[in-house]
Amino acid sequence: SQQGEEDPQALSIQEGENATMNCSYKTSINNLQWYRQNSGRGLVHLILIRSNEREKHSGRLRVTLDTSKKSSSLLITASRAADTASYFCATAPQAAGNKLTFGGGTRVLVKP
Amino acid sequence: DTAVSQTPKYLVTQMGNDKSIKCEQNLGHDTMYWYKQDSKKFLKIMFSYNNKELIINETVPNRFSPKSPDKAHLNLHINSLELGDSAVYFCASSQGLAGGVNIQYFGAGTRLSVL
């Protein structure tokens, strides 16, 4: 199975609502990253949280990390139609060098 | 200017053919990658090069051969294409592990359809 697994697989919300998605992983990590992929495009890095951090903010994004539960969450506040995309978590396992392992993504639809 | 560019964007070909996908990055990064994204959106690492040296080689059929002529370019050649090779292939680059961090920058993808 994937090192990072997102939950839910798909999410549909109204503009202005918050969107929360979760990521679980299996091995110890150096850091965890979230990426966004718009339809037909490449992945774009959003935010990185290190293993010694518990929470991080960037604009309307809030990421938490619980290394004891091997899980992370991404919260998008006050969502906009432009937030419609797939969101992937990527883990950087310890002793894995440059390798990132991606989950299957959460597809978010923000309805205007 | 596009940071990571890959060509072609679309590739439609017959089973058994040989094809190549090219990737170039102008970010000055040391490390480049090839990923395969299947129809269910799972993204899997295939190869990684650091300064022209192969550092990651996942379990990929040997019909797939990466080539890095210099650290700004990483091409992917696929021999004897099969139906199961149909996917979107992404090139990415990163500055390696500066500060223990590996943020990757992706190209727009090459959608390969094998008929």
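Residues numbered from 1 in each chain as written. Chains lettered and ligands numbered in written order. Predicted model: local features only at pLDDT ≥ 70, side-chain atom pairs only at ≥ 80, totals over all residues.

### With respect to the overall build of chain B
(1) Moving on: Within chain B one finds zero helices and 11 strands.
(2) Moving on: Whereas a compact globule of 115 residues would reach a radius of gyration of roughly 13 Å, chain B reaches 14 Å, a difference of no more than 12%.
(3) Moving on: Each principal axis of the C-alpha atoms in chain B carries an extent, and together these give about 45 × 30 × 30 Å.
(4) Moving on: The burial tally for chain B puts 32% of its 115 residues in the buried class.
(5) Moving on: Within chain B, contacts between residues at least 6 apart in sequence are counted, and of these 54% link residues at least 24 apart. (Helix = DSSP H or I, 4+ residues; strand = E, 2+ residues; numbered from the N terminus. Rg over C-alpha atoms; globule rule 2.2 N^0.38 Å. Buried ≥ 20, exposed ≤ 12 C-beta atoms within 10 Å, placed from the backbone. Contact = placed C-beta atoms within 7 Å.)

### Comments concerning the pairing of strand β5 (residues 43-50) of chain A
(1) Moving on: Judged from the seven bridges that link them, strand β4 (residues 29-37) of chain A and β5 of chain A form a sheet pairing that is antiparallel. Opposite Asn31 of chain A, over in β5 of chain A, you have Arg50 of chain A as the bridge partner. (Pairing = 2+ DSSP bridges.)

### Looking at the confidence of the model for chain A
Interpretation of this model should avoid reading the predicted coordinates in detail wherever pLDDT is low.
(1) Moving on: When the pLDDT values of chain A are averaged, the result is 92; 95% of them are 70 or greater.
(2) Moving on: At the low end of the mean pLDDT range in chain A sits strand β1 (residues 5-7) of chain A, at 82; at the high end sits strand β7 (residues 61-66) of chain A, at 98. (pLDDT = per-residue confidence, 0-100.)

### What to know about the environment of Ser5 of chain B
Residues and elements named next belong to chain B.
(1) Moving on: Its place among the elements puts Ser5 in strand β1 (residues 4-7).
(2) Moving on: It is 10 Å that separates the C-alpha atoms of Ser5 and Tyr105, two residues lying 100 residues apart in sequence.
(3) Moving on: Not counting residues within four places of it along the chain, the set of residues in contact with Ser5 comprises Glu24 and Gly107.

### Describing the interface of chain B and chain A
(1) Moving on: With 23 residues of chain B at the contact, the number on the chain A side is 19 residues.
(2) Moving on: Taken together, the elements giving at least two residues each to the side of chain B that touches chain A come down to β5 (43-50), β6 (53-57) and β9 (87-94) of chain B.
(3) Moving on: Here the side of chain B that touches chain A is built from residues that sort into 11 nonpolar, 10 polar and two charged. (Nonpolar A, V, L, I, M, F, W, Y, C, P; charged D, E, K, R; others polar.)

### With respect to the pairing of β7 of chain A
All names here are of chain A.
(1) Moving on: Relative to β7, strand β6 (residues 55-58) is paired through four bridges, and the arrangement is antiparallel. Considered in β7, the bridge of Ser58 is made with Leu61.
(2) Moving on: With antiparallel pairing between neighbouring strands as the criterion, β6 and β7 make up a hairpin whose turn holds two residues, including Gly59 at a positive phi of roughly 60 degrees.
(3) Moving on: Looking at chain direction, β7 and strand β8 (residues 71-76) are connected through six bridges and run antiparallel. Bridging from a neighbouring strand, Arg62 pairs with Leu75 of β8.
(4) Moving on: Hairpin connection of β7 to β8: four residues between the antiparallel strands, including Lys70 at a positive phi of 50 degrees.

### With respect to the sheet that holds β1 of chain B
Residue and element names in this part refer to chain B.
(1) Moving on: If you walk across this open sheet you meet the four strands as β1-β3-β8-β7, and the pairing is antiparallel. Every other strand in the sheet has two partners, leaving β1 and β7 (64-70) as the edge strands with one partner each. This sheet shows a mean twist of 15 degrees between the axes of neighbouring strands, independent of strand direction.
(2) Moving on: Alignment of β7 against strand β8 (residues 73-78), held across five bridges, turns out to be antiparallel. The residue of β8 that forms the bridge with Pro66 is Leu76. (Axes fitted to C-alpha atoms, helices over the stretch in contact; angles between N-to-C directions.)

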